[in-house]
Amino acid sequence: MNRSEAEREIRRLRRLMHHHDYRYYVLDAPEIEDAEYDAMFDRLRALEEAYPELVTEDSPTQRVGGAPREGFRTVEHVPPMLSLRAVYDEEALVAFDQSCRRALGREQIDYVAEPKYDGLAVELVYEGGRLVQASTRGDGYVGEDVTGNVRTIPSVPLVLHEEILPPPRRLVVRGEVYITRSAFAALNARREAEGEATFANPRNAAAGSLRQLDPRVTAARPLQIVLYQLVEATGISPRRQWDVLDRFLPAWHLRSPDEPKRLCNSVESLMAYYGEILEGRDDADVEMDGMVVKVDRLDYWTMLGTRSRDPRWAVALKFPARGAVTRVRDIVVQVGRTGRLTPLAMLDPVRIGGVTVRRASLHNRGEVMRKDIRIGDHVLVQRAGDVIPYVVRSFPDRRTGSEQPFVMPTKCPECDSTVVLSEDGRDDRCAFVGCPAQQKERIKHFASKGAMDIDGLGDKTVEALVDCGLVESAPDLYGLKLQDWVRLERMGEKSAQNIMEALEQSKGVELRRFLVALGIPLVGEHLARILAEHYPSVDALGRATEEDLLAIDGVGPEVARSVVAFFSDPRNREILQAFSRLGIAPRAQRVDRGGRAPLQGLTLVFTGRLERYSREEATRRAEALGARVTGSVSGETDYVVAGPGAGSKVARARSLGVPVLDEETFLAMIEEEA
Ligand code: IVH
């Protein structure tokens, strides 16, 4: 390759990688496997090494923040950062007011109404009046440490103001980081002029900016903060939320919701406030997606308490979704993990609230019929907040006569088996458990991030494994040999080894994640966490009756039924046995938050052969002591424990300055601690 060819190729790769960075970091919707991306990166780097004069600052190889987000340390949130129950009409607000009044035995309650900011929740910790930590919400329990980045936000004081009210020894406050619409427009214009990918909306821009590994990048972004909750303040106990917003936070020069916020003593006055901010929504410079209503008296917060994920003392009345009219190009049918056939509307791309929408689920045949949606129809599509778009209605009066009614296929589009209609006549299912589409979806789910998180095992690979008959269900993955993996197209020996290592590593998975991975209908990450807190093992959970399950806070009748049904299905039992034969039998970790978790907060990677313990046993022990064990080395890794035969991970650790321990040293560390 000559110089000008290299130059062209370099430019092409950079363009491609910019695109994929954008999908991955900003939209959180990658289009390619990590391995594919890595290959591009390697190729680009090789070319730049051959032609160093072609290296430019904007090359992905020169981007300091180019490493994945795993590069942040984690921060535990105690108490967890909750979410707000969302309601959509006045009636629900009346019910909220009634339930608060009933629970408190009061005729009338004062509420604080605030805008619901559409940004990114953060927590700030000040000690001795100094900002010592800032973190993102993450999953509510564990977030990312973004202190260096938050320090660059001009509206965040690094030192609290002390003239009006001396700051407490320790202060924990929560709020929202966002970008105003005008700043967002300017930021995008600048990026466009500089040939960089633009952000889809202010919220993504704020999230992308806050999660930059290089604080200098964050510093160049117009981030804003508003704080709305006081979590802890040593020696200070305000009595009312209004005072927190109006007196305490401002006294320390912390930015709290300025106008509009309002003290209201009835649903009528809340609705009046809601009407005003809704009307001003499009003119306001800050993105709002509703009104937050909080009980004013803070002692009531304690009395009302919390239901599984959201407090009883607050509620969010959401603004109606923004919508747009577009056309249905086609309706295709997808087969899910449980065999359910879901019609999917393929739309003429349309922008709604800053995001381009191309498809929308139509859920089931009942929905298609009820809404009378035909191929070729004009339809109203909405996005509520930033959740999945959906089709609200069709416009029959705009039909030309060429529209085609949708017909649910009677044979599974993937395996040609008979499709069975559910009793209520709404759901269609492919009745064949061996349907490859179902197998694929179940295995993809098993390997996905919130579940077993098998690094390198992407959707395409899973599809290929099932297509060539190597794998039917998740346990089969563990029996594959190197020669099986490399049979797959575009699977090199190195990648295969990495996947096999990740699989091996995953045998020490936490119970909570394993429960997610099993794909029990209705059991997602949140419920899996609850179940793992109540049962020490999968076996124990499998023995639970509906009654046992119902006794758990946060578990309702449908979930209880679904769990019991799952474990009584012989096919699932067979799979569970296969897992336990493989040595996959995760147990709940009893991490005593008080003291006996010496590895708490540390992230470890094991590599190479261990002598004293098997990899799984070492993983289990480390996790029992509070560590997180991952498969790949990143800036977030605290230690790499390397045995004989370790290779690239040690090199990577060295290049990142991550300490590498041998097995003996590691054992000394845990045995001394344990
Ligand atoms: S209070 C226990 N106040 O909404 C709830 N949240 O769904 C504590 N949010 O993660 C939050 N504006 O990111 C509260 N004025 C406001 C808010 C607000 C936006 C976000 C926040 C939270 C989410 C909850």
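Every chain begins its residue count from 1, and numbering advances along the sequence as written. Selection of residues for local features in this predicted model requires a pLDDT of at least 70, selection of side-chain atom pairs for listing and counting requires 80 or more, and totals for whole chains, interfaces and linings are taken over all residues. Where side-chain values are given, they derive from all heavy atoms of the structure, hydrogens and water being excluded.

Draft legend 1. Just the side chain of Arg174, in detail. In this fold, Arg174 is placed in strand 7 (residues 170–178). Buried residues are those whose accessible area, probed at 1.4 Å on protein chains only, stays under 20% of the maximum for their type, while exposed residues exceed 50% and partly exposed ones sit between those limits. The class of Arg174 is buried, set by a relative accessible area of 4%. Among the polar contacts made by the side chain of Arg174, one reaches the main-chain carbonyl oxygen of Pro80 at a distance of 3.3 Å. Side-chain polar atoms of Arg174 contact the side chain of Glu123, separated by 2.7 Å. Here a residue-residue contact requires only that any non-hydrogen atoms of the pair lie within 4.5 Å. Not counting the four nearest positions on each side in its chain, Arg174 is found in contact with His77, Val78, Pro79, Pro80, Met81, Val122, Glu123, Leu227, Tyr228, Gln229 and Val231. Here a strand is any run of E in DSSP of at least two residues, a helix any run of H or I of at least four, and the numbering for each starts at the N terminus. Definition of a polar contact: a pair of N or O atoms within 3.5 Å, with one able to donate and the other able to accept a hydrogen when the atoms are protein atoms, and with sequence-neighbouring residues admitted only if both atoms are side-chain atoms.

Draft legend 2. Structural detail: the pattern of salt bridges. Salt bridge, as used here, is a side-chain nitrogen of Lys or Arg placed within 4 Å of a carboxyl oxygen of Asp or Glu. Scanning all chains against the criterion turns up 41 salt bridges. Among the salt bridges present, the one from Glu114 reaches Lys294, with a minimum N-O distance of 3.0 Å. Within this pair, whereas Glu114 is found in strand 3 (residues 111–117), its partner Lys294 is found in strand 10 (residues 288–295), the two being separated by 180 residues in sequence. Since its relative accessible area comes to 1%, Glu114 is described here as buried.

Draft legend 3. Just the site of the ligand, in detail. Of all residues adjacent to the ligand, which total 16 residues, the nearest are Leu84, Glu114, Glu176, Tyr228 and Lys294. Here a nitrogen atom of the ligand and a side-chain polar atom of Glu114 are 2.7 Å apart. Within the contact set of the ligand, a nitrogen atom lies 3.0 Å away from a backbone nitrogen or oxygen of Tyr117. To measure how exposed things are, a 1.4 Å probe is used in the Shrake-Rupley method; for residues, cover is taken only from the protein chains shown. Protein contacts shield 91% of the accessible area of the ligand, which totals 520 Å² for the unbound molecule. Here a residue is considered near a molecule or strand provided that any single heavy atom belonging to it is located within 4 Å of it.

Draft legend 4. Inspection of a negative patch on the surface at higher detail. What goes into a patch is any residue over 30% in relative accessible area without a salt bridge, connected to like charges within 9 Å or, for nonpolar side chains (Val, Leu, Ile, Met, Phe, Trp, Tyr), within 5 Å. His is not counted here, nor are the chain ends, while Lys and Arg score as positive and Asp and Glu score as negative. Charge placement uses NZ in Lys and CZ in Arg. For Asp and Glu, CG and CD serve respectively. Side chains of Asp34, Asp38, Asp453 and Asp455 sit close together on the surface and give a patch of like negative charge. Here Asp453 shows up in the loop between helix 12 (436–447) and helix 13 (459–467). Using a relative accessible area of 33% as the deciding quantity, one classes Asp453 as partly exposed.

Draft legend 5. Representation of the sheet that holds strand 24 (residues 628–630). A pair of strands is considered paired only if DSSP assigns at least 2 bridges between the two. As summarised here, the arrangement of the 4 strands in space is 24-23-25-26, forming an open sheet in which the pairing is parallel. A strand with exactly one partner marks an edge of an open sheet, and here the two such strands are strand 24 and strand 26 (660–662). When strand polarity is set aside, the average angle formed by the axes of neighbouring strands in this sheet is 35°. Every angle, taken between N-to-C directions, lies between 0 and 180 degrees, and every axis is a line fitted to C-alpha atoms, over only the stretch in contact when it is a helix.

Draft legend 6. Region of the structure containing the side chain of Asn188. Of note, Asn188 is situated in helix 5 (residues 181–193). Once you skip the residues sitting within four places of it in the chain, Asn188 turns out to touch Thr198 and Phe199.

Draft legend 7. Expanded view of the sheet that holds strand 9 (residues 262–264). An order of 2-13-10-3-9 is seen for the 5 strands of this open sheet, with the pairing classed as mixed. Two strands in the sheet have a free side with no partner beyond their single neighbour: strand 2 (86–87) and strand 9. In terms of strand pairing, strand 10 meets strand 13 (residues 314–318) through 5 bridges, oriented antiparallel. In the strand pairing of strand 13, Val292 is matched with Ala316. Contacts from helix 9 (residues 267–280) reach strand 3, strand 9, strand 10 and strand 13 within the one sheet, and its direction differs from that of strand 10 by about 160°.

Draft legend 8. Seen up close, the packing of helix 21 (residues 557–568) against helix 22 (residues 570–581). Across the interface, helix 21 lies against helix 22 with an axial gap of 5 Å and an inter-helix angle of 70°. Here helix 21 is positioned roughly perpendicular relative to helix 22, judged by the angle of their axes. Two secondary-structure elements touch here, helix 21 through Phe566, Phe567 and Ser568 and helix 22 through Pro570, Asn572, Arg573 and Leu576. The residue classification treats Ala, Val, Leu, Ile, Met, Phe, Trp, Tyr, Cys and Pro as nonpolar and Asp, Glu, Lys and Arg as charged. All others, Gly included, are polar. Looking at side-chain class alone, the contact of helix 21 with helix 22 contains 4 nonpolar, 2 polar and 1 charged residues. Roughly parallel here means an angle under 35 degrees, roughly antiparallel means over 145, roughly perpendicular means 65 to 115, and every remaining angle is called oblique.

Draft legend 9. Layout of the packing of helix 12 against helix 13. Following both chains from N to C, one finds helix 12 and helix 13 inclined at 140°, their axes separated by 9 Å at the closest point. The pairing of helix 12 with helix 13 is recorded here as oblique in orientation. Where helix 12 crosses over helix 13, the two elements pack in a sense that is right-handed. Where helix 12 approaches helix 13, its residues Pro436, Gln439, Lys440, Ile443 and Lys444 are matched on the opposing element by Asp459, Val462, Glu463, Val466 and Asp467. Here the contact of helix 12 with helix 13 is built from residues that sort into 4 nonpolar, 1 polar and 5 charged. Crossing handedness is defined as follows: a turn of the near helix away from the far one that is anticlockwise and smaller than a right angle gives a left-handed crossing, while the clockwise case is right-handed.

Draft legend 10. Region of interest: the environment of Gly456. Positionally, Gly456 belongs in the loop between helix 12 and helix 13. Take Gly456: its relative accessible area is 46%, and that puts it in the partly exposed class. Here Gly456 is in contact with Thr461 and Ile499, once residues within four sequence places are set aside.

Draft legend 11. Representation of unusual backbone geometry in the model. Between Val78 and Pro79 the backbone carries a cis peptide bond, its omega angle lying at -5°. Note on placement: Pro79 falls in the loop between strand 1 (74–76) and strand 2. Its identity is not glycine, yet Asp453 carries a phi of approximately 55°, on the positive side. Phi at Leu522 is positive, roughly 80°, even though this residue is not glycine.

Draft legend 12. View of the environment of Ala206. Considering the arrangement of structural elements, one finds Ala206 in helix 6 (residues 202–210). Between the C-alpha atom of Ala206 and that of Leu245, which follows or precedes it by 39 residues, the distance is 23 Å. With near-sequence residues (within four places) excluded, Ala206 lies in contact with Leu120, Val177, Tyr178, Ile179 and Leu223.

Draft legend 13. Structural context of the environment of Ala517. Here Ala517 lies in helix 17 (residues 511–518). The exposure class of Ala517 is buried, given its relative accessible area of 4%.

Draft legend 14. Spotlight on the packing of aromatic side chains. Working definition: rings of Phe, Tyr and Trp (its six-membered ring) pair if their centres are within 6.5 Å, and the pair is stacked with planes under 30 degrees apart, edge-to-face with planes over 60 apart, and tilted otherwise. A full pass over the atoms with the stated rule returns 9 aromatic pairs. With 5.9 Å between their ring centres and 40° between their planes, Phe96 and Tyr111 make a pair best called tilted. Of this pair, Phe96 sits in helix 3 (residues 90–104) while Tyr111 sits in strand 3, placing them 15 residues apart in sequence. The buried category is assigned to Phe96, whose relative accessible area is 3%. Judged by its relative accessible area of 0%, Tyr111 falls in the buried class. Feature note: the residues Phe446, Tyr478, Phe514 and Phe579 constitute an aromatic cluster, connected by ring pairs. In this arrangement the basic side chain of Lys261 is found over the ring face of Trp242, its NZ or CZ atom lying 5.4 Å from the centre. Its end group placed over the ring of Tyr141, Arg529 keeps NZ or CZ at 3.8 Å from the ring centre. Only when the NZ of Lys or the CZ of Arg is both within 6 Å of the ring centre and within 35 degrees of the ring normal is a charge said to sit over the ring.

Function cannot be inferred from these measures alone, as they are strictly geometric.
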